[in-house]
Amino acid sequence: MTDGELERAVAGRIEQVRARIQRAARAGGRTDDVRLVAVSKTHSPRAIRAAVASGVTDVAENRVAEVTAKLDLLAGAQAPADMAHVGWHFIGQVQSRKASHLVGRDLLVHSVDRRSLVDRIERLAARRGVLQRILVQVNVAGESGKGGCSLREVDELVAYALDQPHVVVSGLMTIPPLQDSADGTAGRWFAELARARDRLVQRWPDVHELSMGMSADLEQAVQHGATMVRVGTDVFGPRKTGPWRPGRDT
Ligand SMILES: *Cc1c(COP(=O)(O)O)cnc(C)c1O
């Protein structure tokens, strides 16, 4: 695909996603903004720049090696001018030993789900003299093998993270059960996360973000108060077979 073809394809999809967000916001009686976070995992830097050319302001990745390779190309002092104001997000599970690749790279990390990871991030951020912005991930349905703390633990984990001088907690994130997203029944999980956020924000007004909603279920997430939706497939098309690596352009 030429740059022009890629840009047109991505622009058309983004227009549709924005229309869906707007309709859902209206249906939910919302007047505040919902941020579209474009999930670019497996896709090329060229595809990311095409999305940014269509007005995308936020980009997310879920693998450490992939995000660092893309950041090296597209963020920081060497960033191309079109990428200079993009906000970057990390949405994958974080193994503690890989946290050192993320802290201080100006990412919002959506997937902090345990004290030991908070401790690790605090130590790294303190050593590097930076503040690390995070969301606390909640495993709303208590699925085994999935990242996230339980709804019972979330207040305590947020309080713990807020006590760390180099950690900034901005809100909560969740991924509902896949089947519920496919069936259109994820709304109850989004409502649970929103309830947790509403409770927390009364004590801590800065803990206000709700990262929820993907291609299959973004309408319900927006109706339940998502402040950011993470959309991959419906922005970039089907995912490529493996992570993007330097040297692979498509
Ligand atoms: C891949 C991914 C998304 C986007 O999924 P789509 O269904 O392609 O929109 C959202 N959130 C997380 C955590 C992801 O890993």
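The rules behind the values
Residues numbered from 1 in each chain as written. Predicted model: local features only at pLDDT ≥ 70, side-chain atom pairs only at ≥ 80, totals over all residues. Heavy atoms only, no water. Axes fitted to C-alpha atoms, helices over the stretch in contact; angles between N-to-C directions. Helix = DSSP H or I, 4+ residues; strand = E, 2+ residues; numbered from the N terminus. Parallel < 35°, antiparallel > 145°, perpendicular 65-115°, else oblique. Left-handed = near helix turned anticlockwise from the far one by under 90°. Contact = heavy atoms within 4.5 Å. Nonpolar A, V, L, I, M, F, W, Y, C, P; charged D, E, K, R; others polar. Near = heavy atom within 4 Å. Polar contact = N/O pair within 3.5 Å; in protein donor to acceptor, adjacent residues only side chain to side chain. Phe/Tyr/Trp six-rings, centres within 6.5 Å; stacked < 30°, edge-to-face > 60°. Lys NZ or Arg CZ within 6 Å of the ring centre and 35° of its normal. Salt bridge = Lys/Arg side-chain N within 4 Å of Asp/Glu carboxyl O. Buried < 20%, exposed > 50% of the residue type's maximum accessible area, 1.4 Å probe, protein only. Pairing = 2+ DSSP bridges. Right-handed = clockwise from strand over helix to strand, strands pointing away.

**Q** I would appreciate a short explanation of the packing of helix α4 (residues 115-128) against helix α5 (residues 154-162) in the present structure.
**A** In helix packing, the relevant descriptors are the interaxial angle and the interaxial distance, both defined with respect to the helix axes. Two elements in contact, α4 and α5, have axes separated by 10 Å at closest approach and are oriented at 15°. Put simply, α4 runs roughly parallel to α5. In this structure, the crossing between α4 and α5 has a hand that is right-handed. Side by side, α4 and α5 meet where R115, V118 and D119 of the first sit next to E156, L157, Y160 and A161 of the second. In terms of residue class, the contact of α4 with α5 is built from four nonpolar, no polar and three charged.

**Q** Where do I start with the packing of α5 against helix α7 (residues 187-203) in this structure?
**A** Contact geometry of α5 with α7 gives a least axis separation of 11 Å together with a crossing angle of 45°. Taken together, the axes of α5 and α7 are oblique relative to one another. Judged by the sense of rotation from one axis to the other, the crossing of α5 with α7 is right-handed. Contacts from V154, D155 and V158 in α5 reach A196, R199 and L200 in α7. Looking at side-chain class alone, the contact of α5 with α7 contains four nonpolar, no polar and two charged residues.

**Q** Before we go on, may I ask you to explain the site of the ligand in this structure?
**A** Taken together, V39, K41, I91, I175, M214, S215, R230, V231, G232, T233 and R239 make up the full set of residues adjacent to the ligand. Here an oxygen atom of the ligand sits 2.6 Å away from a polar atom, N or O, in the side chain of K41. Within the side chain of T233, an N or O atom sits 2.6 Å from an oxygen atom of the ligand. In terms of residue class, the shell around the ligand is made up of five nonpolar, three polar and three charged.

**Q** How do you make sense of the environment of D155 when you look at a structure like this?
**A** By the element assignment, D155 lies in helix α5. With residues up to four places along the chain from it excluded, the contact list for D155 reads R199, L200 and W204.

**Q** Which parts of the structure should I look at to understand the packing of aromatic side chains?
**A** Summed over the entire model, instances satisfying the criterion amount to zero aromatic pairs. Stacked on the ring of Y160, the Lys or Arg R115 has its end atom at 4.1 Å from the ring centre.

**Q** Would you explain the pattern of salt bridges in this entry?
**A** Side chains that differ in sign of charge can pair as their charged atoms come close. Tallying each qualifying case throughout the model produces 17 salt bridges. Between E66 and K70 there is a salt bridge, with its nearest N and O atoms 2.9 Å apart. Residue E66 and its partner K70 are located together in helix α3 (residues 64-74), separated by four residues, close to a single helical turn. Ionic pairing is found between R195 and E192, a salt bridge with its closest N-O pair at 3.6 Å. Highlighted residues: R195 and E192, both in helix α7, separated by three residues, approximately one helical turn. Overall, E192 belongs to the partly exposed group, its relative accessible area being 27%. Salt bridges here are not isolated pairs; linked through shared partners, they connect R20, E219 and D234.

**Q** When you look at the pairing of strand β2 (residues 58-61) in this model, what are you seeing that I'm missing?
**A** Looking down a regular strand, the side chains alternate between one sheet face and the other. On β2, burial covers both faces: D58 and A60 on one face and V59 and E61 on the other are all buried. The pairing of β2 with strand β3 (residues 87-90) spans four bridges and is parallel. Bridging across to β3, D58 finds its partner in G87. A crossover links β2 with its parallel partner β3, the connecting element being α3, and its sense is right-handed.

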